[in-house]
Each structure stands twice: as structure tokens, then as C-alpha cells.
Amino acid sequence: MAQNVIVPIVDLTRAAEGSTVPENLQTALSFGSQTAFSANNSTVVIANTAGFYRIYGIMTCVANRESKIELSDGLSTKTILSLRINSPGSVDLNQLFDFTVFLESGDSISAISNDANNYINGSSRQIADTNGNLINPSGFNPQ
């Protein structure tokens, strides 16, 4: 039996939403849009402008010391990643990290190393503004 009913088809693919760039390409680091950071026995601000950031790198820690990454709103801080060894001796520990963080206006994210033998080395790149508008890698213009 035939019907005179029109059945809509909803296309939920990336092409239908207007984006043909896969996420892993859009969040890629590039020479012109990444910022390297290195904390060694110091505190280094990774980013302090509102928006979404991809942050990746490696954290190294020696015995009885701590390396960490903290978020701050200007009044208080929250540790989001920490590497600590609580045993004496010459134990070294390394931790890779790769995450996305959102900063509101007034927020900052910092790498903190409390020893000359502790390192936090990495890179950051803003991947979207505060409204979620994607920011492509420098020099990339999707067709």
C-alpha cells in the first residue's frame, strides 16, 4: 500500500554540520599557533586568556618532590594534574599528558616545579574561543 507521507532524512555527519575537518586535525599543533613552555624549579603560566586550550607535554619528578599543573581563578587554585614521589632515593618518574582545558575570563593555568630536577615541558594551543568557535592551526585553510 502506498502512502503520501514525506519522511525527512536528517544527516548528522560532519559534512552536514558544515565541518569537514576531523577533530584531530583541527586541534593539531603548528609552528605559528603553538606556545612552548618549560617549568624547572619555577612556576610558569601556560595560558591566561579565556578560551579552550589543548595542552600536552611531559612531567618529570624525583623522590620527595612534586610537579603539578594548576588552574586558578585569581582567588584560589585547583590542581588538575600532579606527579609526586614520596619515597627517598634516586627514583625518577615521567608522565606524559595531553588534555583540553577551558579558561574563563580571569582564569589561568600554570606549570609548577618545586625542584631543580623536576621538569614540566610542553606546548599549548588555543583551539576555540569562549563561544566554542573553532580556531584552526596557523596556516591551515580547509577547502
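Residues numbered from 1 in each chain as written. Predicted model: local features only at pLDDT ≥ 70, side-chain atom pairs only at ≥ 80, totals over all residues. Heavy atoms only, no water.

Draft legend 1. Quick peek at the side chain of Ser113. Here Ser113 is to be found in strand β7 (residues 108–113). A polar contact of 3.1 Å, which involves the side chain of Ser113, links it to the backbone oxygen of Asp115. Residues in contact with Ser113, not counting those within four places in the same chain, are Ala39, Asn40, Asn41, Ser42, Glu66, Asn118, Tyr119 and Ile120. (Helix = DSSP H or I, 4+ residues; strand = E, 2+ residues; numbered from the N terminus. Polar contact = N/O pair within 3.5 Å; in protein donor to acceptor, adjacent residues only side chain to side chain. Contact = heavy atoms within 4.5 Å.)

Draft legend 2. Molecular detail of the environment of Leu29. Relative to the assigned elements, Leu29 resides in the loop between α2 (23–26) and β1 (35–40). Residue contacts for Leu29: discarding those within four places in its chain leaves Gln34, Arg54, Tyr56, Ser123 and Arg125.

Draft legend 3. Spotlight on the sheet that holds strand β8 (residues 119–128). Spatially, β1-β8-β3-β6 is the arrangement adopted by the four strands of the open sheet, whose pairing is antiparallel. The sheet is open, and its two borders are formed by β1 and β6 (92–103), each paired with just one other strand. The sheet shows a mean angle of 20° between the axes of neighbouring strands, direction not considered. Pairing between β1 and β8: six bridges, direction antiparallel. (Pairing = 2+ DSSP bridges. Axes fitted to C-alpha atoms, helices over the stretch in contact; angles between N-to-C directions.)

Draft legend 4. Geometry of the nonpolar core. The biggest cluster of nonpolar side chains holds 20 residues, and the ones touching the most others in it are Phe37, Ile55, Ile69, Phe97, Ile109 and Ile120. Elements represented by at least two residues in this core include exactly β1, β2 (43–47), β3 (51–62), β6 and β7. Not counting residues within four places of it along the chain, the set of residues in contact with Ile55 comprises Phe37, Ile46, Phe97, Asp98, Phe99, Val101, Ile109, Ser123 and Ser124. (Core = buried A, V, L, I, M, F, W, Y, C linked by side-chain atoms within 4.5 Å. Buried < 20%, exposed > 50% of the residue type's maximum accessible area, 1.4 Å probe, protein only.)

Draft legend 5. Molecular detail of the confidence of the model for the protein. Scored by pLDDT, the protein comes out at a mean of 86, with 83% of its residues at no less than 70. Across the protein, element-level confidence peaks in β2 with a mean pLDDT of 97 and bottoms out in helix α1 (residues 14–17) with 48. (pLDDT = per-residue confidence, 0-100.)

Draft legend 6. Seen up close, the pattern of salt bridges. In this structure the tally under the stated criterion is four salt bridges. Taking the shortest distance from any N to any O, the salt bridge between Arg84 and Glu66 comes out at 3.8 Å. With a gap of 18 residues between them, Arg84 in strand β5 (residues 77–84) and Glu66 in strand β4 (residues 66–72) connect regions that are remote in the sequence. (Salt bridge = Lys/Arg side-chain N within 4 Å of Asp/Glu carboxyl O.)

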